[in-house]
Amino acid sequence: MSVRQRWLMAAKPARLAEILKANGVESQLELLLLNRLERAGLPIGEAQVQGIPGRKFTFDRAWRTQMIAVDVNGGTFARMGHSTGVGIERDAEKACLAALAGWRYFPVTRKQIESGQAVAWLAAALGVEIRREQ
């Protein structure tokens, strides 16, 4: 865990809310993905994109021109949100509707973000090289 990540986790709720809002994200995990995209030299796309006509579903990040979308699935093992029966049903519906609307949709987990796999998948989808830090 980086110093920045530890600092964010220790931030007071009001300060954390300011940080998230300033970066256009809704969770620490979305902020981590944004940070990893920036560090890899990838385009960051847009945050909170409503990309399915007639529905309120939003993508955590999207690249409209390329029709690529990513959602960060937090709480994977915590039996909350995305990992409950209702959450799984909602996410499956969203993925199917995204596919029908022409999106290439990437639901990713904390582990996939932290390992670099999520950024690698997005780089491949976007057709760009990952910048290696020196």
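Residues numbered from 1 in each chain as written. Predicted model: local features only at pLDDT ≥ 70, side-chain atom pairs only at ≥ 80, totals over all residues. Heavy atoms only, no water.

### Concerning the side chain of K94
Take K94: it is sitting in helix α4 (residues 85-100). One polar contact links the side chain of K94 to the main-chain carbonyl oxygen of T58, over a distance of 2.3 Å. Other than its neighbours up to four places away in sequence, K94 contacts I52, F57, T58, F59, D71 and Y105. (Helix = DSSP H or I, 4+ residues; strand = E, 2+ residues; numbered from the N terminus. Polar contact = N/O pair within 3.5 Å; in protein donor to acceptor, adjacent residues only side chain to side chain. Contact = heavy atoms within 4.5 Å.)

### Considerations on the packing of aromatic side chains
Under the definition given, this model contains two aromatic pairs. Measuring from ring centre to ring centre gives 5.7 Å for F59 and Y105, while their planes differ by 45°; the resulting arrangement is tilted. With F59 in strand β2 (residues 59-63) and Y105 in strand β4 (residues 104-109), this pair connects stretches of sequence that are 46 residues apart. A relative accessible area of 1% places F59 in the buried class. Feature note: the residues F59, W103 and Y105 constitute an aromatic cluster, connected by ring pairs. (Phe/Tyr/Trp six-rings, centres within 6.5 Å; stacked < 30°, edge-to-face > 60°. Buried < 20%, exposed > 50% of the residue type's maximum accessible area, 1.4 Å probe, protein only.)

### Thoughts on the sheet that holds strand β3 (residues 68-73)
Hydrogen bonds between backbone groups are what pair the strands of a sheet, and the pairing can be parallel or antiparallel. Taken together, four strands build an open sheet; the order of strands is β1-β2-β3-β4 and the sheet is mixed. The sheet terminates laterally at β1 (46-49) and β4, the two strands that pair on one side only. Strand-to-strand twist in this sheet, taken as the mean axis angle between neighbours without regard to direction, amounts to 35°. Where β1 lies against β2, three bridges are found, and the strand directions are antiparallel. By the bridge assignment for β2, A47 is matched with R61. α4 contacts β2, β3 and β4 of the sheet and is inclined by roughly 150° relative to β4. Here helix α6 (residues 117-126) sits on the sheet in contact with β2, β3 and β4, set at roughly 170° to β4. (Pairing = 2+ DSSP bridges. Axes fitted to C-alpha atoms, helices over the stretch in contact; angles between N-to-C directions.)

Keep in mind that these numbers describe shape and distance, not what the molecule does.
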